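# Breakdown of the fold
For reference, the chains in residue letters:
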Amino acid sequence: MNANEDVLTSFGGPQDGNNGEMNSEAVSRSSSASTTPSSTKSLFEPSEESSLHNGSSSYYSGGRVAVPAAEANGFSFRKLWAFTGPGFLMSIAYLDPGNIESDLQSGVVARYSLLWVLLGATLLGLAMQRLAIKIGVVTGLHLAELCYRKYRTIPRLLLWLMVEVAIIGSDMQEVIGTAIAIYLLSSKRIPLYVGVLITVFDTLSFLFLDKYKLRRLELFFGFLITTMAVSFGYQYIISDIPQLEVIKGMFIPWSSDYRPGTLLQAVGIIGAVIMPHNLYLHSALVKSRVINRSQTNEVKDANRYYFIEASLALLVSFIINVFVVSVFAQDLYGKTNQNVIDTCANTPFAGDINSAFVANNVTAEINIYKAGLVLGCFYGGASMYVWAIGILAAGQSSTMTGTYAGQFAMEGFLNLQWVRWKRVLFTRTVAVIPAFYVAFFSRLEDLTKMNDILNAVMALQLPFAAIPTVAFTCCSALMLEFVNGAVEKIISIALSFTVIGVNLYFIIANLEHVELTALMIFGVVVFGVFYITFNAYLILHMMVYMGNKTLAGNRFVQRFVLVERWDDNTFVTNVPSANEQS
């Protein structure tokens, strides 16, 4: 094998911090000052094929954004503005139609009493996104590119497939949500499958905004987030929400409003909020700013400002989610399907309500489509259209970021350097075909169950993003002085396994409501064995990267788990070239 070899820092050993030494070859290849320092105790050098240096790469084709120099007072709003953009694109995953549907269902089932779960899930998501930021800023490579260099071929391909499954599941929610919004806005003249096709074409058009200027694309996303805030904020204002109840719901984790199904709904909120592919996306988006990685202060500044920006972005997304939960907590909590039908009997929406809701005394079953009808019935037709505009903005923005996530995953995991239009077409086709199939053959009334299934599918994929993220940010050889400290390691591992455990509970609880045939049971067992085995492999790999010398020196681990080898208490990594890989 002719791969380049860099000797990295020994696990637990001292680091001389020789960060100022620049690799001239990296400088000559880079189109900006964004280079990685090279030394025997430094980060490995990004390959020439990395999207860091690829001028035709998605999202960066409009050029990276220059960052102003640090000011004497230590904080600069001008510099914060320069870093503002990637975090808001990332936050859109917290506002996609799948999340909106989870929000309104939690309001119907538990009123305001699950807002503290939403707050906790958002904070937990912020902690994970911070790790994704560190990966992109410190290494100059995004998470998928690191996986390409740090996992063997078969596990790497399996990781890619799992990420693609998560992207497809998320995209189905987003595309169908957008199609429902178009269906409502067109007064049911445009069927769902046509709305899916419209979504595909307008998404492709908007994606090419970054070809002209990256900041224009980021401003466009800002406009879509503002549209959501105005739309759902309007519903919040006209619903006359009791503000004290909302505040209590955010900070008091116990309530008399809990009903059967509340726990499952709480778990569903966490599964809907934390998207596995979002970690891959965010680690790539932060590479859009010009950062000289040979200067420790610049890297520290970038980590700091990106974290502030991500915090602000997730604060905005949390407020918008609170709007949605509160509206349906106020309007539908305690109401049955029959109550809704009776309330809307003498309104222009009576016919649609009768066809959408089953006349029984079960707690009102709600989804994005039914929510629009209910708002139209309660507050007039204008309210339904305002709701549909907000869903359209949520779906349109999330399908665009989902497409970027798919492109980054393909570029990173497979090291494919296709021309731009081929990458966009491929990732869109893979994600949209299942959505089109569902939209064409499914009834609107079935979409709530589909949303629960897709949330469960994405929950299953979460370890395949969380474990590599924790592994790389806990590796002193990769992160140098930016490696997670002891407290950060404990918190990040605890958070990862908490989310994984909660999501597995959500999946098992949903399986209990399904009548399984013998063949289905066999399939579940086979998949379960694969799932546990693959997670065990990733955890083993993570433990080595966290500094476990015993595992690093084990022959089995060296042969089947690591791309690197352990020589004389030194960790030696093999960085694949363009056409070679361990």
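Just above sits the structure.
Report follows, based on the coordinates. Worth saying up front: this structure is predicted, and the values here are computed from it rather than measured. (Residues numbered from 1 in each chain as written. Predicted model: local features only at pLDDT ≥ 70, side-chain atom pairs only at ≥ 80, totals over all residues. Heavy atoms only, no water.)

### Describing the overall build of the protein
- What the protein contains, in helices and strands, is 25 helices and three strands.
- Scored against the burial criterion, the 582 residues of the protein give a buried share of 58%.
- Of the contacts made within the protein by residues no fewer than 6 positions apart, 82% connect residues no fewer than 24 positions apart.
- A total accessible area of about 22500 Å² is found for the protein, and carbon and sulfur atoms account for 64% of it. (Helix = DSSP H or I, 4+ residues; strand = E, 2+ residues; numbered from the N terminus. Buried < 20%, exposed > 50% of the residue type's maximum accessible area, 1.4 Å probe, protein only. Contact = heavy atoms within 4.5 Å. Areas by Shrake-Rupley, 256 points an atom, 1.4 Å probe, with all protein chains shown as cover.)

### Description of the nonpolar core
- One finds Phe-328 and Trp-387 to be the most contacted residues of the largest nonpolar core, which totals 160 residues.
- With 16 residues, helix H13 (residues 296-332) is the single largest residue contributor to this core. (Core = buried A, V, L, I, M, F, W, Y, C linked by side-chain atoms within 4.5 Å.)

### Quick notes on the packing of aromatic side chains
- A complete count under the given rule lists 22 aromatic pairs for this structure.
- Both rings, one in Phe-220 and one in Phe-221, keep their centres 6.5 Å apart while their planes meet at 70°; by these two values the pair is edge-to-face.
- For Phe-221, a relative accessible area of 0% gives the class buried.
- A centroid spacing of 6.1 Å and a plane angle of 50° characterise the contact between Phe-527 and Phe-530, whose relative ring orientation is tilted. Here Phe-530 and Phe-527 lie together in helix H23 (residues 518-545), a separation of three residues that amounts to about one turn.
- Residue Phe-527 is classed as partly exposed on the basis of its relative accessible area, which comes to 34%.
- In this structure Phe-530 comes out as partly exposed when scored by relative accessible area, which is 28%.
- The rings of Tyr-151, Phe-464, Phe-472, Phe-527, Phe-530, Tyr-531, Phe-534, Tyr-537 and Tyr-545 are connected pair by pair, giving a single aromatic cluster.
- The lysine or arginine in question, Arg-130, covers the ring of Phe-307, its NZ or CZ lying 5.9 Å from the ring centre. (Phe/Tyr/Trp six-rings, centres within 6.5 Å; stacked < 30°, edge-to-face > 60°. Lys NZ or Arg CZ within 6 Å of the ring centre and 35° of its normal.)

### A short note on the pattern of salt bridges
- Scanning the entire structure with this criterion turns up seven salt bridges.
- Where Glu-145 meets Lys-287, a salt bridge forms, and the shortest distance between an N and an O atom there is 3.0 Å. Residue Glu-145 is found in helix H6 (residues 143-150), and its partner Lys-287 is found in the loop between helix H12 (276-285) and H13; the two are separated by 142 residues along the sequence.
- Glu-145 sits in the buried class, given a relative accessible area of 2%.
- Between Arg-215 and Glu-218 there is a salt bridge, with the nearest N and O atoms lying 3.0 Å from each other. One end of the pair, Arg-215, and the other, Glu-218, are both in helix H9 (residues 214-238), three residues apart, so they sit about a helical turn from each other.
- The class of Arg-215 is buried, set by a relative accessible area of 18%. (Salt bridge = Lys/Arg side-chain N within 4 Å of Asp/Glu carboxyl O.)

### A few points about unusual backbone geometry
- For Lys-188, which is not a glycine, the phi torsion comes out positive at approximately 70°.
- Position of Lys-188 relative to the elements: it lies in the loop between helix H7 (153-185) and helix H8 (192-207).
- Since its relative accessible area comes to 37%, Lys-188 is described here as partly exposed.
- Not every positive phi belongs to a glycine, and Leu-480 is a case in point at roughly 55°.
- Looking at the element boundaries, Leu-480 is found in the loop between helix H21 (476-479) and helix H22 (486-511).
- Leu-480 gets classed as buried once you look at its relative accessible area, which sits at 6%.

### Focus: a nonpolar patch on the surface
- Nonpolar side chains collect at one region of the surface, where Leu-511, Val-514, Leu-516, Met-520, Ile-521, Val-524, Val-525 and Val-529 lie side by side and expose about 610 Å² of accessible area between them.
- The element contributing the most residues to the nonpolar patch is H23, with five residues.
- One can find Leu-511 in helix H22. (Patch = residues over 30% accessible without salt bridge, like charges linked within 9 Å, V, L, I, M, F, W, Y side chains within 5 Å.)

### Section: the environment of Tyr-94
- Structurally, Tyr-94 can be placed in the loop between helix H3 (86-91) and helix H4 (97-110).
- With 220 residues separating them along the chain, Tyr-94 and Leu-314 place their C-alpha atoms 7.8 Å apart.
- With residues up to four places along the chain from it excluded, the contact list for Tyr-94 reads Asn-99, Gly-125, Leu-126, Gln-129, Val-273, Asn-278, Leu-314, Ser-317 and Asn-321.
- Only 3.5 Å separates the side chain of Tyr-94 from the side chain of Gln-129, close enough to count as a polar contact. (Polar contact = N/O pair within 3.5 Å; in protein donor to acceptor, adjacent residues only side chain to side chain.)

### A closer look at the packing of helix H5 (residues 115-139) against H13
- Between H5 and H13, the least distance of the axes is 9 Å, while the angle of their chain directions is 155°. Considered as vectors, H5 and H13 are oriented roughly antiparallel to each other. Once H5 is placed against H13, the crossing between them reads as right-handed. Residue-level inspection shows Leu-115, Leu-118, Leu-119, Thr-122, Gly-125, Leu-126, Arg-130, Ile-133, Lys-134, Val-137 and Val-138 of H5 in contact with H13, the latter providing Val-299, Ala-302, Asn-303, Tyr-306, Phe-307, Ala-310, Ser-311, Leu-314, Phe-318, Asn-321, Val-322 and Val-325.
- Across the contact of H5 with H13, the residue classes break down as 16 nonpolar, five polar and two charged. (Axes fitted to C-alpha atoms, helices over the stretch in contact; angles between N-to-C directions. Parallel < 35°, antiparallel > 145°, perpendicular 65-115°, else oblique. Left-handed = near helix turned anticlockwise from the far one by under 90°. Nonpolar A, V, L, I, M, F, W, Y, C, P; charged D, E, K, R; others polar.)

### Points about the state of the cysteines
- For the structure shown, the criterion picks out one disulfide.
- Linked covalently through their sulfurs, Cys-344 and Cys-377 form a disulfide whose S-S length is 1.9 Å. Since a negative S-S torsion denotes a left-handed disulfide, the Cys-344-Cys-377 link at about -110° is left-handed. Remark: Cys-377 occurs in helix H16 (residues 368-379) and Cys-344 occurs in the loop between helix H14 (337-343) and helix H15 (350-356); sequence separation between them is 33 residues.
- On the basis of relative accessibility, which here comes to 1%, the residue Cys-344 falls in the buried class.
- Sulfur of Cys-474: no disulfide; nearest cysteine sulfur belongs to Cys-475 and is 9.0 Å away.
- A residue is classified by how much of its surface remains accessible, and Cys-474, at 1% relative accessible area, is buried.
- Residue class for Cys-475 comes out buried when judged on its relative accessible area of 0%. (Disulfide = S-S within 2.5 Å.)

### With respect to the packing of helix H20 (residues 463-473) against H23
- Following both chains from N to C, one finds H20 and H23 inclined at 10°, their axes separated by 8 Å at the closest point. Considering the angle they form, H20 stands roughly parallel to H23. Where H20 approaches H23, its residues Pro-463, Phe-464, Ile-467, Val-470, Ala-471 and Phe-472 are matched on the opposing element by Tyr-531, Phe-534, Asn-535, Leu-538, Ile-539, His-541, Met-542 and Tyr-545.

### Here's the deal with the side chain of Ser-397
- Summarising the element assignment, Ser-397 is placed in helix H17 (residues 381-414).
- By relative accessible area, which is 0% here, Ser-397 ends up buried.
- Separated by 2.8 Å, the side chain of Ser-397 and the backbone oxygen of Ala-393 make a polar contact.
- At a separation of 3.1 Å, a polar atom in the side chain of Ser-397 contacts the main-chain carbonyl oxygen of Ala-394.
- Setting aside residues up to four positions removed in sequence, Ser-397 forms contacts with Ile-92, Phe-221, Leu-224 and Met-228.

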